[in-house]
Amino acid sequence: MTTTPSKLQKMIAAGHLAVTSEVGPPRSADGQVIEHKAKMIKDYVDAINVTDNQTSVCRLCSLAACIRLKLMGLEPVLQMVTRDRNRIALQSDILGAASFGINNILCLTGDHQHFGDHPNCANVFDLDSTQLALTVRMMRDEGKLLGGHEFEVRPQMYIGAAANPFAGPNVEMRVARLAKKVAAGVQFVQTQCIYNMDTFKTFMKMSVDRGLTEKVAILAGITPMKNVGMARYMQKRVPGIDVPDEIVKRMGGVPKEKQAEEGINLAVEQIEELKGVPGIRGFHIMAIEWEEKVPEIVERVGLYPRPKLNGG
Amino acid sequence: MIKAVPKPLEEVIGRVQDFNKVLIAGCDGCVTVCEAGGLKEAKILASALRLYFTQAGKQAQVDDISLTRQCEKEYLAQLSDKIDGYDAVVSLACGCGVQYLAEMYDNKLIFPGVDTCFLGVNEERGLYSERCQACGRCILAETGGICPIARCSKRMLNGPCGGSEAGKCEINPEIPCGWQLIYERLKTLGQLDRFENPVEPKDWKSSRDGGPRKIVREDLRI
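The model shown is predicted, which means the values in this text are computed figures rather than measured ones.

Thoughts on the overall build of chain A
- A count of helical and extended segments in chain A gives eleven helices and eight strands.
- For 312 residues, the compact-globule estimate of 2.2 N^0.38 gives 20 Å, and chain A sits close to it at 19 Å.
- Dimensions of chain A along its principal axes, counting C-alpha atoms only, are 60 × 45 × 40 Å.
- The burial tally for chain A puts 51% of its 312 residues in the buried class.

Structure follows, in structure tokens:
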């Protein structure tokens, strides 16, 4: 496996359970929002994802936000979706990111624009997530663009992607799709938010049995629920998320003022349960507009302080 | 075949209300099959416009005709002795026919009477669905005979995405997930090994991205 200067890759290679989280850029030009959110979580995570116009809502760009994090001395993971940019723009942004020493990329296709604030726009989808991974690998390992141009200074990217064990039609196909991404050069995946532990464990077992976890580091996606309303919304309205009834019942079973705490308890229990699952190499904590809770979660599951890397 | 739907009557009225002599020109090709722009629809539209003019208290002549095909000059020539008698023509052909008609009679006002939608099939009468985006380089042999470009909302070549749920697309539960269909078909055909091989970026030159397209078949042009 290609070794890059990525601190995330080093943390995983050293055998530590990695912790990543994410910040969502604002719908304005206010860069301070990024700094503020990043400062809340920076000592508790190894790398910080920056979402790329998530749910197709136009926001301050992922690349600029990642550069800001890099200039703060932090380790960004550049999320890139193929919905909005063709192969020229994608490769150009990768070169630009690498020129600032950004060493992690998460290759995504992206939500359809139908969900967002510009449903009338044209989409691009020149590449898909798997092809973006192929492209980054070619740029990094061969020093070549898709158009054939060869260059000297290569982007040193640790290549990531998403995996969703819960989307259809079955876990077997979702493992096959992970295998396909691994074949395209993906080195780490961050999974969709996990609520159905049984399905997730089946996914992990099949991935281990196929030898995939020797080639790709799987970071389990954890999103704490704020209240029973969020649990219901995610169960009914968010495509590709599987929230079992007992989770909704549990959230609804405590008084309103205690639901946030219950959501954090649940996230902590999930991490504790998954720590021992073979193939799990860390956690990706997506506390949506709730970044301030990340430190508490990381502390409670005993993953704080973060290990120090030699020379880094 | 090409699928189209009739434009709203108000829109057509808005185009032709100031004219005295209007011809509605149907097409006996694809738009007849999807019942959007054949002779029957030309007659219905002409009647509706005549009713409009009568109610508006205006003397106007609205005639109808249907041409064998509006995408061929020899059939467009069927209008050559009549078209000068009209102020405007509403073509019920697809966008190709409308343009070819305008190209042939370049001094005449030609308005579209249908919205051209896609290349699709007749699932049932009045139920048409898209199957092909005419990308110019068919990959159906690789994908179990189901096209991901036409049938995946993100035209992914390595699908399905994480938004596929219970076999349906994330953008609309009425739309089947194209990649789930491909997966199931490859399984039926015993070709699931194809599914795990990453498909390289597509060459879109032969698609719309390469600019207006043209086919030159020298073997047919001798």
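Let's pick the thread back up.
Topic: helix H4 (residues 87-99) of chain A
All names here are of chain A.
- The terminal C-alpha atoms of H4, which comprises 13 residues, lie 18 Å apart, in line with the 18 Å expected from a rise of 1.5 Å per residue.
- Burial in H4 covers these residues: Leu90, Gln91, Asp93, Ile94, Ala97 and Ala98. For H4, the arc enclosing every buried residue in end-on projection is 160 degrees, short of the 170-degree limit, so these residues lie on one face. Counted as exposed and oriented over 90 degrees from the buried face of H4: Ile88 and Ser99.
- In the core, the buried residues of H4 are packed alongside helix H3 (62-71), strand S3 (76-81), strand S4 (104-108) and helix H5 (129-142).

Concerning H3 of chain A
Residues and elements named next belong to chain A.
- Most of H3 is tucked away, with seven of its ten residues classed as buried.
- Every buried residue belonging to H3 is among Ser62, Leu63, Ala65, Cys66, Ile67, Arg68 and Leu69, and all of these are buried.
- For H3, the secondary structure elements touched by its buried residues are helix H2 (32-41), strand S2 (47-50), S3 and H4.
- Among the residues trailing H3, Gly73 stands out with phi positive, at a value near 85 degrees.

Considerations on the nonpolar core
- If you look at the biggest cluster of nonpolar residues, it comprises 90 residues, and the most contacted ones within it are Cys107 and Val189 of chain A.
- Discounting chain neighbours no more than four positions away, the residues touching Val189 of chain A are Gly160, Ala161, Ala162, Ala163, Leu178, Val216, Ile218 and Leu219 of chain A.
- Counting 33 residues, the second largest nonpolar core, distinct from the first, contains Ala4, Val16, Cys94 and Leu101 of chain B.

What about the domain arrangement of chain B?
- Taken as a whole, chain B is organised into domain 1 (2-118) and domain 2 (136-209).
- Of note, the centres of domain 1 of chain B and domain 2 of chain B, computed from C-alpha atoms alone, are 38 Å apart.

Description of the environment of Ile149 of chain B
Residue and element names in this part refer to chain B.
- Mapped onto the elements of the fold, Ile149 is located in helix H6 (residues 148-151).
- Taking C-alpha positions, Ile149 is 9.3 Å from Ile139, a pair spaced ten residues apart along the chain.
- Sequence-distant contacts of Ile149, that is, excluding residues within four places in its chain, are made with Gln133, Cys135 and Arg155.

Some words on the interface of chain B and chain A
- If you look at the interface, chain B gives 24 residues, while chain A gives 27 residues.
- Within the side of chain B that touches chain A, the residues separate by chemical class into eleven nonpolar, seven polar and six charged.

Overview of the packing of helix H6 (residues 171-183) of chain A against helix H7 (residues 197-209) of chain A
Residue and element names in this part refer to chain A.
- Running from amino to carboxyl end, H6 crosses H7 at an angle of 50 degrees, the nearest separation of the two axes being 10 Å. When the axes of H6 and H7 are compared, the pair comes out oblique. As for the relative orientation of H6 and H7, their crossing is right-handed in sense. Here H6 contributes Val171, Glu172, Arg174, Val175 and Leu178 to the contact with H7, which in turn contributes Thr199, Thr202, Phe203, Met206 and Ser207.
- The residue makeup of the contact of H6 with H7, split by class, is five nonpolar, three polar and two charged.

Let's talk about the pairing of S2 of chain A
All names here are of chain A.
- Here S2 shows no split at all, with Ala47 and Asn49 on one side and Ile48 and Val50 on the other all buried.
- With H2 bridging strand S1 (residues 18-23) and the parallel S2, this β-α-β connection has right-handed handedness.
- The pairing of S2 with S3 spans three bridges and is parallel. If you follow Val50 over to S3, its bridge partner there is Leu78.
- Between the parallel elements S2 and S3, the chain passes through H3 in a crossover that is right-handed.

Structural notes on the confidence of the model for chain B
- Averaged over all residues, the pLDDT of chain B is 97; the fraction at 70 or higher stands at 100%.
- Predicted complex, confidence summary: ipTM 0.95, pTM 0.96.

Some details on the environment of Asn49 of chain A
Residues and elements named next belong to chain A.
- Note that Asn49 resides in strand S2.
- The exposure class of Asn49 is buried, given the 24 C-beta atoms found within 10 Å.
- C-alpha of Asn49 to C-alpha of Thr202: the two residues are 153 residues apart in sequence and 27 Å apart in space.
- Sequence-distant contacts of Asn49, defined by excluding residues within four places in its chain, comprise Thr20, Glu22, Val77, Gln79 and Leu106.

About the cut-offs
- Residues numbered from 1 in each chain as written.
- Chains lettered and ligands numbered in written order.
- Predicted model: local features only at pLDDT ≥ 70, side-chain atom pairs only at ≥ 80, totals over all residues.
- Helix = DSSP H or I, 4+ residues; strand = E, 2+ residues; numbered from the N terminus.
- Rg over C-alpha atoms; globule rule 2.2 N^0.38 Å.
- Buried ≥ 20, exposed ≤ 12 C-beta atoms within 10 Å, placed from the backbone.
- Expected span 1.5 Å × (residues − 1).
- Arc of directions from axis to C-beta.
- Contact = placed C-beta atoms within 7 Å.
- Core = buried A, V, L, I, M, F, W, Y, C linked by C-beta atoms within 7 Å.
- Domains from an automatic or database assignment.
- Nonpolar A, V, L, I, M, F, W, Y, C, P; charged D, E, K, R; others polar.
- Axes fitted to C-alpha atoms, helices over the stretch in contact; angles between N-to-C directions.
- Parallel < 35°, antiparallel > 145°, perpendicular 65-115°, else oblique.
- Left-handed = near helix turned anticlockwise from the far one by under 90°.
- Right-handed = clockwise from strand over helix to strand, strands pointing away.
- Pairing = 2+ DSSP bridges.
- pLDDT = per-residue confidence, 0-100.

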